[in-house]
Protein chains: 2
Amino acid sequence: MRVLALDAAFPFDREARMRKEHSQQLRLKIGIVGFGTFGQFLARRMVQAGHEVIATSRSPYHDIAASMNVKYFTDANDFCEEHPEVVILASSILSLEAVLAALPVQRLKRSTLFVDVLSVKEFPKRLLLRELPPEVDILCTHPMFGPDSGKGGWTGLNMQFERVRVAREPERQRRADAFLQFFEREGCNMVEMTCEEHDQLAASTQFITHTVGRMLGAMQLQATPIDTKGFQSLLSLVDNTANDSFELYYGLFMYNQNSTEQLDRLEKAFDEVKARLLQQLHDKVRQQIFYGESYSQPPRLALPDKTGGSSGGSSPASPAQAGSWQSAAAVAAAAAALEGQPGGEDGAAAAPTSNGSSNGSLGRLEATS
Amino acid sequence: MRVLALDAAFPFDREARMRKEHSQQLRLKIGIVGFGTFGQFLARRMVQAGHEVIATSRSPYHDIAASMNVKYFTDANDFCEEHPEVVILASSILSLEAVLAALPVQRLKRSTLFVDVLSVKEFPKRLLLRELPPEVDILCTHPMFGPDSGKGGWTGLNMQFERVRVAREPERQRRADAFLQFFEREGCNMVEMTCEEHDQLAASTQFITHTVGRMLGAMQLQATPIDTKGFQSLLSLVDNTANDSFELYYGLFMYNQNSTEQLDRLEKAFDEVKARLLQQLHDKVRQQIFYGESYSQPPRLALPDKTGGSSGGSSPASPAQAGSWQSAAAVAAAAAALEGQPGGEDGAAAAPTSNGSSNGSLGRLEATS
């Protein structure tokens, strides 16, 4: 029985001690395989949170690792012989298989907890279940953020995870909990979800976001002095996407079987928007061609003295004739261009043979454009 | 000669007086034509800034107008007879011609300043120059924001303007200045730019932003528990775009001759991204078909005891055979789908006749997918 009254008399001591116990309880020896941008991003925070972090990768990242108090190995055998309790696979999606094949897993403790942090989830889940010894624990996770979006802090950022295989022993369970608690304490919104469900949702969210970013990146959009807020948010999306490798984007596509369908949906949505614009253009062009109407027919309001012209010598042209800012031919050409053909049968070609009223309007307006 | 020493002794009085003088000097009688969302948005701020605001529109907005101290008229004759010094045309792009035609301009003072606030600029500039009496002043402006993006305040938001025609008289010049100063005082970033240049830049910024918003809107994207920050910014873009009418979007397209080219560029960029993904898919499929290689060939590192299997009974399959998470046939089908044809000549059709090693891999992997 503990004497809590004494503790209550020294609240600060007690809190400090509890905090120490708590943090010791959670202190893990974590090994990171793949020390690129994302591996370094995780390592930095984990060291700050009090965990012991070691890392391995083929590139000589010794200096960067030393700067953040991470013990670094280029030889994976040395890394494994350190017996990290948790091994985080932080390679790119495309190289995970090769990285895992090159890891001397037999030098690790049989009880090691393997964690992957890839942006696709079904692929690593299947691969780890197939390739790793049955004794190791497996946790598949996807922190839905990176060095750009997680720069200011991780509060409120989403963290998906699935306890794919964690042995029943209480200490194995506690270790998996402790690992997840690291993200929870950093403020992440923890989302327990199967890898399959993750991939389904991520295809319509993360993959689409990257696709839009890549698309706009390929357009080489530039900031201008008259940008709207919406455009500025698109520009920063392009920036963030450009900071990610094409390899990551390709990985999101290739290693998530839901991506093709979502790409297809995006294409259909684009076609739908274009078709609606085109339909409106055609309607207007047909109006002009067949009825000689301007784009916007003014409502027939009572305007007795407008055309009488008493307001200083101006006699505005009848709006029914003065409607077009661009000639109907140019509009028809635009409509044809949208359809991907130089001249449509029902647009540009028909224009010169339209009725007199329309022709007159055309002639007058061409002079002004 | 003014006795400034006395003023200095009463700094608060002096400041108050100067502020009053200053605001009186800037106080304008502003008439808004078209009292929809944007007209109301402007009116509210203008009243708050101390201007006298009247408005007209065909719909009965009397209550809304009264609630913001705006005198409202459904009869445009009554509106014009109030002799507003400034007339803001805040109709939709598509209805500007009709709205202008229905306005009894001859009832206004001949010195009236006309201002348009449309999202395209060359079209209203030409229209106003052509349709309005030569005595009136014309200022074409585009506040690059609206009720959504300008909700929290206008600081730093862009405001394009062109003094299309302002008579030389100092009072006419001062009135145009006073009108622009309203936006400047609200914190806008004032950008003097020709209407033609505006339309060129806006097609690659605002129109593209709206197109992406419309595209994603047509996809009916949904928020999920694992959204990234980037996806969340796309969702809010869709929300903002959905709040605007299709009429506005169509106006941006139809009344800006640069829009077709930008839509074309967006389409090409999309095709480019898809082509790059497709190319990679084809490369992988060909590798499998012709050489029986897995997607990621592991580097040949020295792993003497990995295959010897001493780490607890696991004997991982050779990565060269275990590489695929998805069958090559599925990948080929995806590649064909991307090309929009059910079976490509160099992909799916060739798969069943590929060499034995690849076939063996296919058979094994199909069972797992």
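All of these numbers come straight from a predicted model, not from anything done at the bench.

### Brief notes about the overall build of chain A
Thinking step 1. Helix and strand counts for chain A stand at 15 helices and 8 strands.
Thinking step 2. In chain A, of all internal contacts separated by at least 6 residues, the share reaching a separation of at least 24 is 70%.
Thinking step 3. Surface accessibility of chain A: about 16700 Å² in total, with carbon and sulfur atoms responsible for 49%.

### Some details on the UniProt feature "coiled-coil region" (unreviewed entry) in chain A
Thinking step 1. The positions that UniProt labels "coiled-coil region" (unreviewed entry) are, in the present scheme, residues 256–283 of chain A.
Thinking step 2. Along residues 256–283 of chain A, the helical share is 89% and the strand share 0%, with 42 Å between the first and last C-alpha atoms.

### Quick notes on the nonpolar core
Thinking step 1. Ranked by internal contacts, the top residues of the largest apolar core, which has 108 residues, are Phe114 and Leu216 of chain A together with Phe114 and Leu216 of chain B.
Thinking step 2. Ignoring sequence-local partners within four residues, the contact set of Phe114 of chain A consists of Val87, Leu89, Leu100, Leu103, Val105, Leu108, Leu132, Val136, Asp137, Ile138 and Leu139 of chain A.
Thinking step 3. Among the nonpolar cores identified, the runner-up in size contains 34 residues, and Phe38, Phe41, Ala43 and Ala178 of chain A belong to it.

### Section: the sheet that holds strand β6 (residues 137–143) of chain A
All names here are of chain A.
Thinking step 1. Read across the sheet, 8 strands follow the order β3-β2-β1-β4-β5-β6-β7-β8 without closing on themselves; strand pairing throughout is mixed. Taken across any chain shown, the strands that pair with only one partner, and hence form the sheet edges, are β3 (71–73) and β8 (189–192). On average, each strand axis in the sheet is inclined to that of its neighbour by 25°, with strand direction left out of account.
Thinking step 2. Strand direction decides the pairing type here: strand β5 (residues 113–116) and β6, joined by 4 bridges, are parallel. Its bridge partner lying in β6, Leu113 is registered against Asp137.
Thinking step 3. Relative to the sheet, helix α7 (residues 122–131) contacts β4 (86–89), β5, β6 and β7 (158–165), its axis offset from that of β7 by approximately 25°.

### What to know about the domain arrangement of chain A
All names here are of chain A.
Thinking step 1. We note that the domain assignment places domain 1 (27–193), domain 2 (203–270) and domain 3 (292–368) within chain A.
Thinking step 2. Contact residues are listed per partner, giving 9 residues for domain 1 and 11 residues for domain 2.
Thinking step 3. Together domain 1 and domain 2 conceal approximately 940 Å² of surface at their shared face, both sides included; 60% is due to carbon and sulfur atoms.
Thinking step 4. Counting across the interface, domain 1 meets domain 2 through 2 residue pairs in polar contact (both at pLDDT 80 or more).
Thinking step 5. Residues belonging to the side of domain 1 that touches domain 2 are distributed by class as follows: 4 nonpolar, 3 polar and 2 charged.

### Digging into the packing of helix α10 (residues 206–218) of chain B against helix α13 (residues 259–291) of chain B
To describe two helices that pack against each other, one gives the angle between their axes and the distance between the axes.
All names here are of chain B.
Thinking step 1. Where α10 contacts α13, the axes come no closer than 10 Å and their chain directions differ by 50°. It follows that α10 is oblique to α13 by the angle criterion. Viewed along their axes, α10 and α13 form a crossing whose handedness is right-handed. Residue-level inspection shows Phe207, Ile208 and Thr211 of α10 in contact with α13, the latter providing Ser259, Gln262, Leu263 and Leu266.
Thinking step 2. Considered class by class, the residues forming the contact of α10 with α13 number 4 nonpolar, 3 polar and no charged.

What counts and how
Residues numbered from 1 in each chain as written. Chains lettered and ligands numbered in written order. Predicted model: local features only at pLDDT ≥ 70, side-chain atom pairs only at ≥ 80, totals over all residues. Heavy atoms only, no water. Helix = DSSP H or I, 4+ residues; strand = E, 2+ residues; numbered from the N terminus. Contact = heavy atoms within 4.5 Å. Areas by Shrake-Rupley, 256 points an atom, 1.4 Å probe, with all protein chains shown as cover. UniProt positions renumbered as here; feature names shortened; annotations may be inferred. Core = buried A, V, L, I, M, F, W, Y, C linked by side-chain atoms within 4.5 Å. Buried < 20%, exposed > 50% of the residue type's maximum accessible area, 1.4 Å probe, protein only. Pairing = 2+ DSSP bridges. Axes fitted to C-alpha atoms, helices over the stretch in contact; angles between N-to-C directions. Domains from an automatic or database assignment. Buried area = accessible area lost by both parts, 1.4 Å probe. Polar contact = N/O pair within 3.5 Å; in protein donor to acceptor, adjacent residues only side chain to side chain. Nonpolar A, V, L, I, M, F, W, Y, C, P; charged D, E, K, R; others polar. Parallel < 35°, antiparallel > 145°, perpendicular 65-115°, else oblique. Left-handed = near helix turned anticlockwise from the far one by under 90°.

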